Amino acid sequence: MKLDTFSFDIDSDGIAHAVFDVPGRSMNTLTGKAVADIIAFTQEVANNDAIKGLVISSGKASGFCAGADLGEMGDRAGSGRAAEPRSEAEIKKAQFDAGFSLNKTLRQLETCGKPVAVALNGLALGGGLEVALAGHYRVAANDNPKLQFGLPEAKIGLLPGAGGTQRLPRLVGVQTALPLILQGESFNAEKALAMGVVNELAPSSETVAKAKAWVKANPKARAPWDEKGFKVPGGVPHKSPGAGQVATMANAMLHAKTYGNYPAQLNILSCVYEGIMVPIDAGLRIETRYFINTQQRPEAKAMIRSLFLSTQALSKGANRPAGYPKYELNKVAVIGAGLMGAGIAYEQARAGIETILVDVSVENAEKGKDYSRKLVEKNVSRGKMTKEKGEALLALIKPTANYDDFKGADLVVEAVFENPELKAQITKQAEAQLSDTAVMGSNTSTLPITGLAEASVRPANFIGIHFFSPVERMGLVEIISGKETSEETLAKAIDYVLAIRKTPIVVNDSRGFYTSRCFGTYTQEGLEMLGEGIKPAIIENVGRQSGMPMGPLEVSDSVGLDTALKVGRQMAQATGIDYGNDPRGQMMAWLVEDQGRVGRKAGKGFYDYDDKGKPARLWPELNTQIEVKVDECPPAMKKELINRFLVRQAIEVARCFEEGVITDARDADIGSILAWGFAPYTGGCASYVDLIWGIKPFVEEADRLADAYGERFRPGKLLRDMAAKGEGFYDRFPPAEVKAKAAA
């Protein structure tokens with residue numbers, strides 16, 4: 001028996017040992033070869049009379065298995081395609097057979113009549129946990145703080161397809177299992193033992209021996225659900241009032257959270273509900289059918305591509321220019337100790353980088369450091385950080401008012417007010433202390449980098465490094481290249497972002513760049529609807545139902561209505577628009593300057609806020625400024641408003657592509673999700689066009705909306721050309737490595 005990803009031997013007691021160890025990888029995943037190996041050794045265990053039992057373990061210190069190899073999943077799940085034509089029934093059968101292969105094998109292993117134990121030395125996620133659940137006994141390491149179990153498939157638009165929706169509820173009960181599967185929550189070894197997901201804890205070095213000992217002592221082991229009289233813990237929905245109530249409440253809560261936008265969650269609920277009411281063999285077939293249905297949905301394809309594959313690639317620097325050595329950052333200066341600068345300083349220190357925090361006075365700089373002190377105190381009190389590590393982090397932040405203190409800095413991040421003159425002055429002061437190889441970065445959300453670089457004596461070393469607030473919670477950084485920014489400087493800036501463990505996207509210079517420019521269209525469309533007389537509550541509710549994290553009016557409050565007014569006036573002046581006669585400008589000026597309502601930070605904006613800063617209600621007096629003409633929202637209108645919100649944003653993204661602001665579809669998707677929360681189920685703005693709509697239907701819908709509501713929806717030349725050629729954004733703007741491969 002030849003195996004590619006497992007080693008396999010049989011000891012003198014007749015106990016087989018399969019060791020999972022995918023060559024050339026730091027972590028095991030269920031590749032096509034790994035699945036083939038599991039099928040092969042399962043047949044051997046079942047048919048070889050010399051084998052008395054089986055232990056499965058990992059040969060990697062990182063853990064047992066991180067789940068399915070998503071890069072291969074489309075091929076392995078089976079598209080049902082063949083060289084010769086097939087009927088729809090033949091295609092569906094091929095899809096089911098391919099999708100059911102691992103489920104069928106694990107069930108065969110579970111019922112082979114021989115004991116199977118699994119030794120878990122580290123994480124077991126997704127398909128890794130499903131393989132373990134098919135064993136009769138599980139021993140987990142109790143000395144690995146990074147050990148995690150879970151079924152996270154729902155987070156990327158999928159559902160567990162190797163028995164997870166059937167075995168976990170039968171093991172721990174529907175009430176306990178449903179939240180874990182629906183939300184993709186992970187849990188540690190102690191919780192796994194308490195729930196019954198694992199049977200025993202032991203030091204990592206002893207897990208295999210413990211598993212073998214159990215196999216020897218239990219030659220007639222069977223799964224609990226194969227025992228006569230087995231009952232699901234807590235009962236099943238159609239027989240137990242309690243379990244039935246759980247299913248009913250789960251359905252209501254699911255819709256309240258997802259608004260029906262995530263097919264995977266609904267299919268998970270159906271899998272568990274339908275599968276738990278029949279014998280497990282029938283339940284596994286039900287799961288496979290739902291898995292195939294889910295996998296083929298455009299939402300799943302979009303979420304896998306963006307939330308997993310693209311995010312993983314960009315988090316490793318896939319958009320970094322090649323040919324430059326890694327830039328080591330030992331000392332970084334942050335100028336401006338306000339909320340943004342203080343957050344940047346904390347993240348740098350958390351990454352172990354010496355940080356000089358500069359402000360106009362030492363007192364101001366110390367106040368900026370206080371932000372880090374509070375975060376450290378909170379983390380220490382919650383057990384997320386030791387006191388010693390907290391002290392070491394704070395020791396790396398050095399508050400000062402003296403620019404001489406950051407001589408020798410490898411990089412500077414200027415994070416002062418959005419004022420070009422102030423930024424120019426600071427650039428000159430900072431560069432006087434820097435070497436010729438150091439990078440000068442500006443954290444700006446709207447001001448063009450090329451213009452700011454005019455104050456620099458080394459414009460090739462000048463770059464935009466745009467953080468998002470709160471810095472410690474936002475995982476994205478937008479890097480902006482000016483006209484004279486060198487490729488080497490771009491590579492250094494990406495190395496900096498990776499060093500502080502954030503995900504970089506790369507864009508070219510433009511007013512508002514990519515994220516601020518496109519993000520603003522969501523709030524602007526909300527104001528357009530308000531001006532049309534649509535009831536504010538409808539606007540807000542439909543905004544959330546479209547998949548956005550907040551309604552557009554609440555988003556405006558969170559940004560700050562005074563800030564929005566200032567930026568709106570700047571943008572209007574730059575583009576030749578009379579903002580004073582613009583209905584949106586008039587509304588914002590009335591709120592900010594006449595009513596003093598500047599947003600969440602003041603406790604009043606479009607909303608009134610409670611003492612904890614949470615929205616209590618929409619401000620009733622809004623109705624004195626607008627005439628409510630629409631106070632009901634039937635399904636057709638809801639669909640229309642959702643399309644307006646999402647299509648408007650995607651049109652602006654297309655304009656960014658057309659103008660050369662964005663050149664990689666991955667940057668567009670990841671930026672839209674991580675920066676402003678564009679509906680994650682779509683995979684991001686580019687995938688929304690490519691996969692959810694399709695390029696031709698999208699252009700047709702945008703034209704329809706333009707005819708109905710205005711030219712802001714009108715597709716440009718790029719979209720029309722793409723539609724004529726049947727190209728999506730990922731065809732026209734593929735990843736840099738794909739372009740390089742094609743050129744070679």
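All of the points below concern the structure found in this document. It should be emphasised that the depicted structure is a prediction, and the values quoted were computed from it without experimental measurement.

### A closer look at the overall build of the chain
Then, number 1: Counting its secondary structure elements, the chain contains 30 helices and 20 strands.
Then, number 2: On C-alpha atoms alone, the chain measures out to a radius of gyration of 28 Å, which is about the 27 Å that the 2.2 N^0.38 rule sets for 744 residues.
Then, number 3: Principal-axis analysis of the C-alpha atoms gives the chain an extent of 85 × 60 × 60 Å.
Then, number 4: Here the analysis covers contacts within the chain between residues at least 6 apart in sequence; of these, 72% occur between residues at least 24 apart.
Then, number 5: In the structure as shown, the chain presents an accessible area of about 31,700 Å², 52% of it carried by carbon and sulfur atoms.
Then, number 6: Looking at charge distribution, the chain has the averaged site of its 88 positive side-chain charges lying 5 Å from that of its 90 negative ones.

### Remarks on helix α27 (residues 695–709)
Then, number 1: A rise of 1.5 Å per residue sets the reference length of α27, with its 15 residues, at 21 Å; its end C-alpha atoms lie 21 Å apart and thus fit the reference within 8%.
Then, number 2: What α27 keeps buried is the set Ile 695, Phe 698, Val 699, Glu 701, Ala 702, Asp 703, Leu 705 and Ala 706.
Then, number 3: Structurally, α27 contributes buried residues whose contacts are with α24 (635–658), α26 (685–693) and α28 (717–725).
Then, number 4: Phi for Gly 710, located one or two positions after α27, is positive at around 135 degrees.

### Some remarks on the environment of Thr 400
Then, number 1: For Thr 400, the location among the structural elements is in strand β13 (residues 397–400).
Then, number 2: With a relative accessible area of 5%, Thr 400 lands in the buried category.
Then, number 3: When the C-alpha atoms of Thr 400 and Glu 366 are compared, they prove to be 7.9 Å apart, with 34 residues separating the residues in sequence.
Then, number 4: Residues in contact with Thr 400, not counting those within four places in the same chain, are Ile 356, Leu 357, Val 358, Asp 359, Val 362, Ala 365 and Asp 405.
Then, number 5: Here Asp 405 takes part through its side chain, which lies 2.4 Å from a polar atom of the side chain of Thr 400.

### Brief notes about the sheet that holds strand β9 (residues 186–187)
Within a sheet, adjacent strands bond to each other through the backbone by hydrogen bonds, running parallel or antiparallel.
Then, number 1: A sheet is described by the order of its strands in space; here four strands give the open sequence β4-β6-β8-β9, paired in mixed fashion. In this open sheet, the two strands that pair with only one neighbour each are β4 (63–65) and β9.
Then, number 2: As paired strands, strand β6 (residues 123–125) and strand β8 (residues 149–150) are joined by two bridges and run parallel to one another. Bridge pairing in β8 places Leu 125 opposite Gly 150.

### Notes on the pattern of salt bridges
Then, number 1: What the rule picks out here adds up to 45 salt bridges.
Then, number 2: A salt bridge links Arg 720 to Asp 703, with the shortest nitrogen-to-oxygen separation between them at 2.7 Å. On the criterion of sequence distance, the pair formed by Arg 720 in helix α28 and Asp 703 in helix α27 is long-range, its members being 17 residues apart.
Then, number 3: The partner of Asp 721 in a salt bridge is Lys 725, and the shortest N-O contact between them spans 3.6 Å. Pair noted here: Asp 721 and Lys 725 are both in helix α28, with a separation of four residues, about one helical turn.
Then, number 4: Note on Asp 721: relative accessible area 23%, which makes it partly exposed.
Then, number 5: The network of salt bridges with shared partners includes Arg 107, Glu 110, Arg 167, Asp 226 and Asp 281.

### Quick look at the sheet that holds β13
Then, number 1: In spatial order, the strands read β13-β12-β11-β14-β15-β16-β17-β18; together these eight strands make up an open sheet with mixed pairing. The sheet terminates laterally at β13 and β18 (503–508), the two strands that pair on one side only. Here the average twist between neighbouring strands, direction ignored, is 25 degrees.
Then, number 2: With four bridges joining them, strand β11 (residues 331–335) and strand β14 (residues 411–414) adopt parallel strand pairing. Each residue of the ladder has a partner; that of Val 332, found in β14, is Leu 411.

What counts, and where the lines are drawn
Residues numbered from 1 in each chain as written. Predicted model: local features only at pLDDT ≥ 70, side-chain atom pairs only at ≥ 80, totals over all residues. Heavy atoms only, no water. Helix = DSSP H or I, 4+ residues; strand = E, 2+ residues; numbered from the N terminus. Rg over C-alpha atoms; globule rule 2.2 N^0.38 Å. Contact = heavy atoms within 4.5 Å. Areas by Shrake-Rupley, 256 points an atom, 1.4 Å probe, with all protein chains shown as cover. Lys, Arg positive; Asp, Glu negative; His and termini not counted. Charge placed at Lys NZ, Arg CZ, Asp CG, Glu CD. Expected span 1.5 Å × (residues − 1). Buried < 20%, exposed > 50% of the residue type's maximum accessible area, 1.4 Å probe, protein only. Polar contact = N/O pair within 3.5 Å; in protein donor to acceptor, adjacent residues only side chain to side chain. Pairing = 2+ DSSP bridges. Salt bridge = Lys/Arg side-chain N within 4 Å of Asp/Glu carboxyl O. Axes fitted to C-alpha atoms, helices over the stretch in contact; angles between N-to-C directions.

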